[in-house]
Amino acid sequence: AQSVTQLGSHVSVSEGALVLLRCNYSSSVPPYLFWYVQYPNQGLQLLLKYTSAATLVKGINGFEAEFKKSETSFHLTKPSAHMSDAAEYFCAVSDPSSGNTPLVFGKGTRLSVIA
Amino acid sequence: DAGVIQSPRHEVTEMGQEVTLRCKPISGHDYLFWYRQTMMRGLELLIYFNNNVPIDDSGMPEDRFSAKMPNASFSTLKIQPSEPRDSAVYFCASSPLSRPNSPLHFGNGTRLTVT
């Protein structure tokens, strides 16, 4: 069975600082990986996805993530945090070989940005 | 497109009452998912449909929960009778086509409070 682990339920950074949100996956086959963002009182929105093309994936709002098979990781980064980045971020995994099974989500990491 | 539409946005009810949550997926999306989000458990998949047919309801917590999708543009999640531990945010999401890398499109959720 696939799973993702997000290290740190809460991350706090200063405005302008590097954002690093960690995600490790468990999958018996090369997975598809996703990052979603949830702003207060809203549903989840897709930030970016990895589907076995380039290992460095660029998403919206200046975020990017790098797929590292050797480390089974898909960490999310942004060079300079903005106050508007404060939200909850979810990593998710799916198995390309198993048809249409739903995404498996991590428990989320809440990002706070300090002025 | 208006996106996935959920109603109501907020629901407050007393224990023992019936609660019905509604969802209108994005037109043309053939998969529909119901999720529940709580602080303790994170994002849990309750049930999902493909072309209006329930595929997997193993996440439905108890027989008190039921979901239907009478047509491609409407789904309901019903809790009868409701209990305080059902308090959560319930999300509906839809997805286009039958591809594992298709992103989910989430509604803004229904915040349910059972007193």
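Residues numbered from 1 in each chain as written. Chains lettered and ligands numbered in written order. Predicted model: local features only at pLDDT ≥ 70, side-chain atom pairs only at ≥ 80, totals over all residues. Heavy atoms only, no water.

Comments concerning the overall build of chain B
Looking only at helices and strands, one finds zero helices and eleven strands in chain B. Going from the N terminus to the C terminus, chain B shows its helices and strands as β-β-β-β-β-β-β-β-β-β-β. Since a compact globule built from 115 residues should have a radius of gyration of about 13 Å, the 13 Å found for chain B is in line with a globular shape. Counting only C-alpha atoms, chain B reaches 40 × 30 × 30 Å along its principal axes. When the 115 residues of chain B are sorted by exposure, 50% land in the buried category. In chain B, the share of contacts with a sequence separation of at least 24, taken over all contacts with a separation of at least 6, comes to 54%. For chain B, the centre of its 11 positive side-chain charges and the centre of its 12 negative side-chain charges are spaced 4 Å apart. (Helix = DSSP H or I, 4+ residues; strand = E, 2+ residues; numbered from the N terminus. Rg over C-alpha atoms; globule rule 2.2 N^0.38 Å. Buried < 20%, exposed > 50% of the residue type's maximum accessible area, 1.4 Å probe, protein only. Contact = heavy atoms within 4.5 Å. Lys, Arg positive; Asp, Glu negative; His and termini not counted. Charge placed at Lys NZ, Arg CZ, Asp CG, Glu CD.)

Thoughts on the environment of B:Phe106
Along the polypeptide, B:Phe106 turns up in strand 10 (residues 105-106). Counting along the chain gives 19 residues from B:Phe106 to B:Ser87, while the straight-line C-alpha distance between them is 19 Å. With sequence-adjacent residues up to four places away left out, B:Phe106 is seen in contact with A:Tyr36, A:Gly43, A:Leu44, A:Phe105, B:Val4, B:Tyr35, B:Phe91, B:Cys92 and B:Ala93.

As for the state of the cysteines
Applying the stated criterion across every chain, the model contains two disulfides over all chains. Across a sulfur-sulfur distance of 2.0 Å, A:Cys23 and A:Cys91 are joined as a disulfide pair. One quick way to see it: the torsion about the S-S bond of A:Cys23 and A:Cys91 is about -65°, and its sign makes the bridge left-handed. Taken together, the positions of A:Cys23 in strand 3 (residues 19-26) and A:Cys91 in strand 9 (residues 87-94) put the pair 68 residues apart, joining distant regions of the chain. With a relative accessible area of 0%, A:Cys23 lands in the buried category. Look at A:Cys91 and you get buried, because its relative accessible area is 0%. One disulfide in the model links B:Cys23 with B:Cys92; its S-S distance is 1.9 Å. Of note, the bridge from B:Cys23 to B:Cys92 carries an S-S torsion of about -65° and is left-handed in sense. Within this pair, whereas B:Cys23 is found in strand 3 (residues 19-24), its partner B:Cys92 is found in strand 9 (residues 88-95), the two being separated by 69 residues in sequence. (Disulfide = S-S within 2.5 Å.)

Quick look at the side chain of B:Ser82
Residues and elements named next belong to chain B. Summarising the element assignment, serine 82 is placed in the loop between strand 8 (74-79) and strand 9. Taking the relative accessible area as the measure of exposure, serine 82 reaches 1% and is therefore buried. With sequence-adjacent residues up to four places away left out, serine 82 is seen in contact with Thr13, Glu14, Met15, Gly16, Gln17, Val19, Arg64 and Val114.

What to know about the sheet that holds strand 3 of chain B
Residue and element names in this part refer to chain B. Read across the open sheet, the four strands follow the order 1-3-8-7; overall the sheet is antiparallel. Across the chains shown, the open sheet's two edge strands, defined by having one partner strand only, are strand 1 (5-7) and strand 7 (65-71). Neighbour-to-neighbour, the strand axes of the sheet open up by a mean angle of 15°, direction not taken into account. As paired strands, strand 7 and strand 8 are joined by five bridges and run antiparallel to one another. Considered in strand 8, the bridge of lysine 68 is made with threonine 76. (Pairing = 2+ DSSP bridges. Axes fitted to C-alpha atoms, helices over the stretch in contact; angles between N-to-C directions.)

Considerations on the interface of chain B and chain A
Accessible area lost upon the coming together of the parts serves often as the stated size of an interface. Across the boundary between the two partners, chain B contributes 20 residues, which contact 22 residues of chain A. In this assembly, chain B packs against chain A so that about 1,700 Å² is buried in total across both faces, 55% of it on carbon and sulfur atoms. The interface formed by chain B and chain A includes zero salt bridges. Seen at the junction of chain B and chain A, the total is four residue pairs in polar contact (both at pLDDT 80 or more). No other element matches the four residues that strand 4 (residues 31-38) of chain B contributes to the side of chain B that touches chain A. Of the residues that constitute the side of chain B that touches chain A, the class distribution is eleven nonpolar, five polar and four charged. (Buried area = accessible area lost by both parts, 1.4 Å probe. Salt bridge = Lys/Arg side-chain N within 4 Å of Asp/Glu carboxyl O. Polar contact = N/O pair within 3.5 Å; in protein donor to acceptor, adjacent residues only side chain to side chain. Nonpolar A, V, L, I, M, F, W, Y, C, P; charged D, E, K, R; others polar.)

Overview of the nonpolar core
Residues A:Trp35, A:Leu76 and A:Tyr89 are the most contacted members of the largest nonpolar core, which totals 27 residues. Secondary structure elements with two or more residues in this core: strand 2 (10-14), strand 3, strand 4 (32-38), strand 5 (44-50), strand 7 (64-68), strand 8 (73-78), strand 9 and strand 11 (109-114) of chain A. Not counting residues within four places of it along the chain, the set of residues in contact with A:Tyr89 comprises A:Gln6, A:Leu21, A:Trp35, A:Tyr36, A:Val37, A:Leu47, A:Phe63, A:Leu76, A:Gly108, A:Thr109 and A:Leu111. Judged by nonpolar contacts, the second largest core, of 21 residues, contains B:Leu32, B:Ala67, B:Leu77 and B:Tyr90. (Core = buried A, V, L, I, M, F, W, Y, C linked by side-chain atoms within 4.5 Å.)

Some remarks on the side chain of A:Gln38
Looking at where A:Gln38 falls in the secondary structure, it is placed in strand 4. One polar contact links the side chain of A:Gln38 to the main-chain carbonyl oxygen of A:Gln42, over a distance of 3.0 Å. Among all residues touching A:Gln38, those that are not within four sequence positions of it are A:Gly43, A:Leu44, A:Ala87, A:Glu88, A:Phe90, B:Gln37 and B:Phe91.

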